[in-house]
Amino acid sequence: MSEACRSHEELHAELEALRMRAAHLEEALHAVHESEERYRRLLETVTNYVYTVRVEDGRAVETTHGEGCVRLTGYTAEEYAADPLLWYRMVHEEDRAAVLEQAARLLRGESAPALEHRILHKDGSERWVRNTPVIRRDAFGRVAFYDGILQDITGAKNMEEAARHASLHDALTGLANRHLLMDRLSRTIESARRDGVKVAVLFLDLDNFKPVNDRLGHAVGDEVLKEAAARVLAQVRASDTVARVGGDEFVVVLPGQMGGAGAAEVSRKIIRALGQPYASLGGAQGPGGSVGISLYPDDGQDPWELVKMADQAMYYVKNHIRSSFAFHSSLVRQAGLEPHDS
């Protein structure tokens, strides 16, 4: 075969190889376009809560929001367009620093993990979202955009909060349970130690409650307990803690006491309130209550010790004269001291 023929055949083979490479490139480009289209549809259909930030020289220059953002936040597309900082202003003030830090990392080209934070809906309600950012780079590896995929997790957060609340509160009365009581009392003691003040612990037991259960049944007894809990709460400050620690036993923590006078006054008010007629008893007189009081640091340094001392003082009152109160420290100093009359 001549040299010319061999050159022609080789050229033909090279052209055929180029055509095949071109076909492969076309297939690859088609696959890229399909992938981009799937990505776009994914952003629109998975959550449909999407925003895109265009980046130039490490700065955010434009932000666009998908229809889902409008539904999630209540603000219209026109309101977003008119106020470039609207999104950041609607972030809950306690979460704003974390959101801004996430954005700063993305602008620097660093990966940023998903962030759970709160936003305020246009109607004033609070929503929880999971904000998952995805960086998109240009051909030179620079950040060109980043997309934020927002998932509304308000329902899950509400369920989580409900479970947490149930683990720390009494199911019947809604008061703190023993676990939450001891946690708060420990914190209160630490604060009192720093500030040089006292803490009063009141241990309360309802008088004559068992006959109510025995005579009228547990359903009525439960209603009496709920009424009693509400009355105790009404006699204390928002900063005080009221807990149900047993069937008809309650503990009240009064921080920031300068002495026993405040605890005595609160005890009088509680006993007076518990003795009033009860709707659950058809307007009959209430069971009343006996209260024992311990003071930090006079009667103890430890939360359990303070509750135990107050409990002992309460039993003294219950065994001598009901519907009254006594301080544990007074009983120790003066054996046989009669409880205070309410």
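Up top you'll find the structure we're talking about.
Right, let's get into the overall build of the chain. A count of helical and extended segments in the chain gives 12 helices and 11 strands. The buried share of the chain, taken over its 342 residues, is 40%. The contacts of the chain with a sequence gap of at least 6 include a subset with a gap of at least 24, amounting to 55%. When the accessible area of the chain is evaluated, it comes to approximately 19,000 Å², of which 54% is carbon and sulfur surface.

Spatial ordering of the open sheet is given by β2-β1-β5-β4-β3, a layout of 5 strands whose pairing is antiparallel. Every interior strand has two partners, whereas the edge strands, β2 (59-65) and β3 (115-120), have only one. Pairs of neighbouring strands in the sheet enclose a mean axial angle of 30 degrees, with direction left out of account. Pairing geometry for β3 and strand β4 (residues 126-137), over 6 bridges, is antiparallel. The partner of R118 across the bridge, within β4, is W128. Across the sheet, helix α6 (residues 154-168) touches β3, β4 and β5 (143-152), and the angle it forms with β4 is around 130 degrees.

With that out of the way, let us pick up the nonpolar core. Counting 30 residues, the largest nonpolar core has L202, V252, L254, I270 and L274 as its most contacted members. Elements supplying a minimum of two residues to this core: β6 (198-206), α8 (209-216), α9 (218-234), β8 (249-257), α10 (261-274), β9 (289-296) and β10 (324-327). With 6 residues, the single largest contributor to this core is α10. Filtering out sequence-adjacent residues up to four positions away, I270 remains in contact with L202, L204, V232, Q235 and V252. Residues C69, Y75, L86 and L115 belong to the second largest nonpolar core, which totals 22 residues.

Turning our attention to the pairing of β5. Relative to β5, strand β1 (residues 50-56) runs antiparallel, the two sharing 5 bridges. In the strand pairing of β5, R54 is matched with F145. Two strands pair when backbone bridges link them, and β4 and β5 are joined in this way by 9 bridges, in the antiparallel orientation. Within β5, the position partnered with V129 by the bridge is D152. The antiparallel hairpin formed by β4 and β5 contains 5 residues in its connecting segment, where G141 sits at a positive phi of about 85 degrees.

Turning next to unusual backbone geometry. Put simply, Y296 and P297 share a cis peptide bond, and its omega is 5 degrees. We note that N208 has phi near 55 degrees; this positive angle belongs to a residue other than glycine. Along the chain, N208 falls in the loop between β6 and α8. Backbone geometry at S323 places phi at a positive 55 degrees, although glycine is not the residue there. Among the structural elements, S323 can be located in the loop between α11 (303-320) and β10.

Each value, and the rule that gives it
- Residues numbered from 1 in each chain as written.
- Predicted model: local features only at pLDDT ≥ 70, side-chain atom pairs only at ≥ 80, totals over all residues.
- Heavy atoms only, no water.
- Helix = DSSP H or I, 4+ residues; strand = E, 2+ residues; numbered from the N terminus.
- Buried < 20%, exposed > 50% of the residue type's maximum accessible area, 1.4 Å probe, protein only.
- Contact = heavy atoms within 4.5 Å.
- Areas by Shrake-Rupley, 256 points an atom, 1.4 Å probe, with all protein chains shown as cover.
- Pairing = 2+ DSSP bridges.
- Axes fitted to C-alpha atoms, helices over the stretch in contact; angles between N-to-C directions.
- Core = buried A, V, L, I, M, F, W, Y, C linked by side-chain atoms within 4.5 Å.

None of the figures reported here should be taken as evidence of function without further support.
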